[in-house]
Amino acid sequence: MFFLSIPQAWHLVGTWSEQLPNESNLIGMSQTELMMTLHSIFVPLLLFISYYLFNRLSKNESKKIKG
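Each value, and the rule that gives it
Residues numbered from 1 in each chain as written. Predicted model: local features only at pLDDT ≥ 70, side-chain atom pairs only at ≥ 80, totals over all residues. Heavy atoms only, no water. Helix = DSSP H or I, 4+ residues; strand = E, 2+ residues; numbered from the N terminus. Buried < 20%, exposed > 50% of the residue type's maximum accessible area, 1.4 Å probe, protein only. Areas by Shrake-Rupley, 256 points an atom, 1.4 Å probe, with all protein chains shown as cover. pLDDT = per-residue confidence, 0-100.

Scanning the protein from terminus to terminus reveals three helices and zero strands. The buried share among the 67 residues of the protein stands at 1%. With an accessible surface of roughly 6700 Å², the protein has 68% of that area assigned to carbon and sulfur atoms.

All right, on to the confidence of the model for the protein then. Taken as a whole, the protein shows an average pLDDT of 76; of its residues, 58% reach a score of 70 or greater. Looking across the protein, the model is least confident in helix α1 (residues 2–5), with a mean pLDDT of 55, and most confident in helix α3 (residues 31–66), with 90.

Here it is in structure tokens:
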């Protein structure tokens, strides 16, 4: 309860939330840079997971056919 009673930093007057320029973002990347970073992380991850699942399912199907 003690931590809930303390106001958060972004609610206090004169903190960093009021000092940001209007057209800036908090992570320091433009929209294009952010999308390229996210794609470079998630596209290979998605490809690896789908390759793993495809191999696993194809091995299960081949076992069913053999016996």
